[in-house]
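# Report on the structure
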Amino acid sequence: MTDSKYFTTTKKGEIFELKAELNSDKKEKKKEAVKKVIASMTVGKDVSALFPDVVNCMQTDNLELKKLVYLYLMNYAKSQPDMAIMAVNTFVKDCEDPNPLIRALAVRTMGCIRVDKITEYLWEPLRKCLKDEDPYVRKTAAVCVAKLHDINAQLVEDQGFLDTLKDLISDSNPMVVANAVAALSEIAESHPSSNLLDLNPQSINKLLTALNECTEWGQIFILDCLANYMPKDDREAQSICERVTPRLSHANSAVVLSAVKVLMKFMEMLSKDLDYYGTLLKKLAPPLVTLLSAEPELQYVALRNINLIVQKRPEILKHEMKVFFVKYNDPIYVKLEKLDIMIRLASQANIAQVLAELKEYATEVDVDFVRKAVRAIGRCAIKVEQSAERCVSTLLDLIQTKVNYVVQEAIVVIKDIFRKYPNKYESVIATLCENLDSLDEPEARAAMIWIVGEYAERIDNADELLESFLEGFHDESTQVQLQLLTAIVKLFLKKPTETQELVQQVLSLATQDSDNPDLRDRGYIYWRLLSTDPVAAKEVVLAEKPLISEETDLIEPTLLDELICYIGTLASVYHKPPSAFVEGGRGVVHKSLPPRTASSESAESPETAPTGAPPGEQPDVIPAQGDLLGDLLNLDLGPPVSGPPLATSSVQMGAVDLLGGGLDSLIGGTNFVAPPTAAVPANLGAPIGSGLSDLFDLTSGVGTLSGSYVAPKAVGSISMDLQLTNKALQVMTDFAIQFNRNSFGLAPAAPLQVHAPLSPNQTVEISLPLSTVGSVMKMEPLNNLQVAVKNNIDVFYFSTLYPLHILFVEDGKMDRQMFLATWKDIPNENEAQFQIRDCPLNAEAASSKLQSSNIFTVAKRNVEGQDMLYQSLKLTNGIWVLAELRIQPGNPSCTDLELSLKCRAPEVSQHVYQAYETILKN
């Protein structure tokens, strides 16, 4: 008979009977009673009253009975902590039992009893079990350390368990290694700042050796740990990739995805010219294809991950289009994901196949899927220019089917095709107008109205068509009303004599009869434009529109790089970083791919590269300038401090106002404004605004001195070099420094440390490390920095200009697809042209010089004898700047370089140009 009988009893007085049975002398009766207790506990009955009786049953050699008692203990120890202490002796005894299964069971249960009182009794048995001769006990004890750390982190650290765990990474048994890695990873996640998994080539080698012999979950822990390692060079990265590749053929899909994650991450460090790089790309495709033969739920997870992989490296699956064709019995969520990936993989080579397939899907019965398929045809037309004509004729065939929702979707995508290829396919407008009456969805109606308004001069009865929409103006959705208003104004500007009444009618409806603020505002703008300056109205309303970009739904590149590091986790299914959905964000670390090697880009023209999407809108770079005094002038001018010198602990200066107080007495009111640049001496160092400038000489620059280029001292670090000279008649002590809010949030990263008192006429040189986490405010000029230095005598002010190249970060290399899409996406008015005169450098020398200052060459090509370098750089606040540098090689008479810069924050362009000039001419 099965154990289900234990769940069927409904007798009263059950607890009393169970108590009697638990205290019975017969072992079998005891075991039956404990099973009944566990069954009652499982269905939610309160059997905590039996705690002492069940604990008495622990003294037994029967493994099954012991397991049941331990299960009961885990459940009730929290509600009965005083009683649970009774069990401690048995735990300690069981940890020394000759049977390794009992030792492991005891240590596992100890870890699950989350009672502070008991914890302190457990560390001694746990220490013994971590060094047990049996690997099964050691692997169980390793996990117990992570559980104990969650209850009492301090105790675990004090008792040296973390060091023991690190030693277990070198254990001879692969399962012990895997559990030690899992435990350390778990602890490290809750303490991101601690460097617990301090991996080095030796420990990586041990992990890779253990990888071949662990269970599948052990392999996943080890692979996830490997993914967090940063190889020192491309050779080590290749060696790790070679040893991880066999995992791609594992039967467990989680192991496969973890292996893919490691390979995708380390491929960043491999040069694309390597033979191994090509081999690796070929090896990655089959396992991803195999994942698609699993059950639908697994397929969906695989497809969401493949979607990320295809956006990062479309070449992996470019020949595997057929596996993404939809099957008739696929669930809708799988169908839609496959469709998305098909479009991402669509290229000139396979577009005929893709279109035939999409046309087939458009005749399916599932309405949502059909709509997406019709949209997909439009996206293919926009992505692959050579296929546009075929796509348009396919859409016209679909319109002829007269299926309502198909017609409406087709009209929406044809509008996008018109936006991408103006003056090319307008011959189809007549066919579209025939279907005007069947449109009932707002998006389709709005698209049709846009087409009629945009091409009004080609449609004889455009005014009648728009008038027919106007009849039910108040019943339309806002989207349609706005589109109708714009279309009629366009029509009026093209045919003013015939449509005067119509435009007056729509303006009246939009402004006087509507309560929608958007519609009313747009109506008033048009009304005023038309009544004051019809020529300006024409320039505004009929202005040439920018072409729409190819892929508007690509993930922003920095987010994509982060998500690649989370392949095989929930983040890769949601397409959101963990910080977006993990509550409280405890232990969420932002991950990023390793930097690309310099040789990994081939010199291919960006125009031939497949296109990607613009990075998401950049952060609002620099807030507008408010009160220039800001935090800088919030200083204490009370009597000099004669206490001990400032503590030299590393204080985050941006967060603490070290100098306190207020400054009005010194500068007379709050209208102090930093002097214009012209007033700053050539060495940018004279104190400004201080009434005591003759006492204290301060020469300063940020990582650079007057007029000369100084390369950064260390990659990724910014520092300010100060030379302080005491011109007073008394000793100076108690130094502190503070920056005003500035354009890029520069702030001291440590206190100003003048180690000895500064005697009269003595000079000291100090290098102050800086961070970019301070408060931000737009300065004029943008690179102006206002500084206050305080000591026991007074507060001294000066301002200095810093060169922008100190803010160029190391991950400023954009991939070619993304570069081209971003260049197109940034408006032309944001482009700035500059000339760098008398700079006789060739393309290689220029590229190498600029790369040393974190300006990266994305691609290079030669046009009509001119070398064109396409470059990208990124500032510390996340602003991307794209550049095109034209060089005339081999022409000694022409040494001028032409520089074009594009950026979403055009105000930085002038300063980036100055940085280019400084770097190239140093």
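Heads up: the structure comes first, above all this text.
All figures in this text were calculated on a predicted structure; none of them were measured in a lab. (Residues numbered from 1 in each chain as written. Predicted model: local features only at pLDDT ≥ 70, side-chain atom pairs only at ≥ 80, totals over all residues. Heavy atoms only, no water.)

From N to C terminus, the protein includes 36 helices and 12 strands. At a minimum sequence separation of 6, the contacts of the protein that also span at least 24 residues come to 70%. A total accessible area of about 41,700 Å² is found for the protein, and carbon and sulfur atoms account for 51% of it. (Helix = DSSP H or I, 4+ residues; strand = E, 2+ residues; numbered from the N terminus. Contact = heavy atoms within 4.5 Å. Areas by Shrake-Rupley, 256 points an atom, 1.4 Å probe, with all protein chains shown as cover.)

With that out of the way, let us pick up the sheet that holds strand β7 (residues 795-801). One open sheet accounts for 3 strands, arranged β3-β6-β7; its pairing is antiparallel. For this open sheet the edge positions go to β3 (736-739) and β7, each flanked by a neighbour on one side alone. Within this sheet the neighbouring strands show an average axis-to-axis angle of 25°, counted without direction. (Pairing = 2+ DSSP bridges. Axes fitted to C-alpha atoms, helices over the stretch in contact; angles between N-to-C directions.)

As enumerated under the stated definition, the model contains 9 aromatic pairs in all. Centroid distance Phe418 to Tyr455: 5.3 Å. Interplanar angle 80°. Geometry classified as edge-to-face. Within this pair, whereas Phe418 is found in helix α23 (residues 404-420), its partner Tyr455 is found in the loop between α25 (442-454) and α26 (462-470), the two being separated by 37 residues in sequence. Look at Phe418 and you get buried, because its relative accessible area is 1%. (Phe/Tyr/Trp six-rings, centres within 6.5 Å; stacked < 30°, edge-to-face > 60°. Buried < 20%, exposed > 50% of the residue type's maximum accessible area, 1.4 Å probe, protein only.)

This part covers α25. Taking 1.5 Å of rise per residue, the 13 residues of α25 would be expected to cover 18 Å, and the 18 Å separating its terminal C-alpha atoms lies within 8% of that figure. The element α25 is largely enclosed, with a buried count of 11 among its 13 residues. When we look at burial in α25, the residues that qualify are Ala444, Arg445, Ala446, Ala447, Met448, Ile449, Trp450, Ile451, Val452, Gly453 and Glu454. (Expected span 1.5 Å × (residues − 1).)

Here is the key point about a regular strand: its side chains alternate between the two faces of the sheet. For β7, the tally of buried residues reaches 7 of 7 residues, placing the bulk of the element in the interior. Relative to β7, strand β6 (residues 784-790) runs antiparallel, the two sharing 7 bridges. Directly across from Gln786, in β7, lies its bridge partner Ser799. Linkage of β6 to β7, two consecutive antiparallel strands, is achieved through a turn of 4 residues.

Before going further, it helps to examine the pattern of salt bridges. Taken as a whole, this structure holds 30 salt bridges when the rule is applied. Here Asp340 makes a salt bridge to Arg344, at a shortest N to O gap of 3.6 Å. Taken together, the residues Asp340 and Arg344, both in helix α19 (residues 332-345) and 4 residues apart, mark about one turn of the helix. What makes Arg344 buried here is its relative accessible area of 9%. Linking Glu457 and Lys494 is a salt bridge whose minimum nitrogen-to-oxygen distance equals 3.0 Å. Remark: Lys494 occurs in helix α27 (residues 478-494) and Glu457 occurs in the loop between α25 and α26; sequence separation between them is 37 residues. Bridged by salt links that share partners, the residues Arg371, Arg375, Glu409, Glu441 and Glu443 form one connected network. (Salt bridge = Lys/Arg side-chain N within 4 Å of Asp/Glu carboxyl O.)

Once that is clear, we can look at the side chain of Asn792. Along the chain, Asn792 turns up in the loop between β6 and β7. A relative accessible area of 13% places Asn792 in the buried class. Looking at Asn792, its side chain comes within polar contact range of the main-chain oxygen of Val731, at 3.2 Å. Side-chain polar atoms of Asn792 contact the backbone nitrogen of Thr733, separated by 2.9 Å. (Polar contact = N/O pair within 3.5 Å; in protein donor to acceptor, adjacent residues only side chain to side chain.)

Within the element layout of this structure, Ser900 appears in strand β12 (residues 897-903). For Ser900, a relative accessible area of 5% corresponds to the buried category. Engagement of the side chain of Ser900 in a polar contact is seen with the side chain of Gln833, the distance being 2.8 Å. For Ser900, the contacting residues outside a window of four places in its chain are Trp823, Glu831, Ala832, Gln833, Leu882, Ala883 and Glu884.

With that settled, consider a negative patch on the surface. Side chains of Glu464, Glu467, Glu471 and Glu501 sit close together on the surface and give a patch of like negative charge. Structurally, the position occupied by Glu471 is in the loop between α26 and α27. (Patch = residues over 30% accessible without salt bridge, like charges linked within 9 Å, V, L, I, M, F, W, Y side chains within 5 Å. Lys, Arg positive; Asp, Glu negative; His and termini not counted. Charge placed at Lys NZ, Arg CZ, Asp CG, Glu CD.)

Right, let's talk about the state of the cysteines for a bit. Each disulfide consists of a covalent bond between the sulfur atoms of two cysteine residues. Across all of its chains, the model carries 0 disulfides by this definition. Here Cys391 is not cross-linked by a disulfide; its sulfur's nearest cysteine counterpart is in Cys380, at 5.6 Å. (Disulfide = S-S within 2.5 Å.)

With respect to the helices and strands, Val54 occurs in helix α3 (residues 51-56). Taking the relative accessible area as the measure of exposure, Val54 reaches 1% and is therefore buried. Sequence separation between Val54 and Asn23 is 31 residues; the distance between their C-alpha atoms is 8.7 Å. Excluding residues within four positions of it along the chain, Val54 makes contact with Leu22, Val37, Val69 and Tyr72.

In spatial order, the strands read β8-β12-β11-β10-β9; together these 5 strands make up an open sheet with antiparallel pairing. Whereas interior strands pair on both sides, the edge strands pair on one side only; in this sheet they are β8 (832-836) and β9 (856-863). Neighbour to neighbour, the strand axes of the sheet diverge by 20° on average, direction disregarded. Relative to β12, strand β11 (residues 880-887) is paired through 6 bridges, and the arrangement is antiparallel.

Burial analysis of strand β10 (residues 866-874) places 9 of its 9 residues in the buried class, the great majority of the element. The two faces of β10 match: Gln866, Met868, Tyr870, Ser872 and Lys874 on one face and Asp867, Leu869, Gln871 and Leu873 on the other face are all buried. Pairing between β9 and β10: 7 bridges, direction antiparallel. From the neighbouring strand, Phe856 faces β10, where its bridge partner is Ser872. Between β9 and β10, which pair antiparallel in sequence order, lie 2 residues; one of them, Glu864, sits at a positive phi of approximately 50°. Pairing analysis gives 8 bridges linking β10 to β11, with the strands arranged antiparallel. The partner of Tyr870 across the bridge, within β11, is Glu884. Connecting β10 to the next strand, β11, in antiparallel fashion are 5 residues, including Gly878 with a positive phi near 90°.

A few words now on the nonpolar core. Tyr72, Val244 and Phe418 are the most contacted members of the largest nonpolar core, which totals 210 residues. In contact with Tyr72, not counting residues within four places along its chain, are Val37, Ile38, Met41, Val47, Ser48, Leu50, Phe51 and Val54. Counting 57 residues, the second-largest nonpolar core is a separate cluster that includes Phe744, Leu758, Val787 and Leu899. (Core = buried A, V, L, I, M, F, W, Y, C linked by side-chain atoms within 4.5 Å.)

On to the packing of helix α1 (residues 14-22) against helix α2 (residues 27-42), then. For the pair α1 and α2, the least separation of the axes is 8 Å and the interaxial angle reads 145°. For the element pair α1 and α2, the recorded crossing hand is left-handed. Counted together, Glu14, Leu18, Glu21 and Leu22 of α1 and Lys29, Lys30, Ala33, Val34, Lys36, Val37 and Ser40 of α2 form the full contact between these two elements. For the contact of α1 with α2, the residue count by class is 5 nonpolar, 1 polar and 5 charged. (Left-handed = near helix turned anticlockwise from the far one by under 90°. Nonpolar A, V, L, I, M, F, W, Y, C, P; charged D, E, K, R; others polar.)

Moving on: the packing of α27 against helix α29 (residues 517-532). It is at 10 Å that the axes of α27 and α29 come closest, and there the two elements cross at 10°. It follows from the interaxial angle that α27 and α29 lie roughly parallel. Along its contact with α27, which presents Gln481, Leu482, Leu485, Thr486, Val489, Phe492 and Leu493, the element α29 presents Asp518, Leu519, Arg522, Gly523, Tyr526 and Leu530. The residue inventory of the contact of α27 with α29, partitioned by class, reads 8 nonpolar, 3 polar and 2 charged. (Parallel < 35°, antiparallel > 145°, perpendicular 65-115°, else oblique.)

Between Glu780 and Pro781 the backbone carries a cis peptide bond, its omega angle lying at -5°. In this structure, Pro781 sits in the loop between β5 (763-771) and β6. Positive phi outside glycine occurs at Asn761, with the angle close to 65°. A positive phi angle, near 50°, is found at Asp838, a position not held by glycine. Structurally, the position occupied by Asp838 is in the loop between β8 and α35 (843-851).

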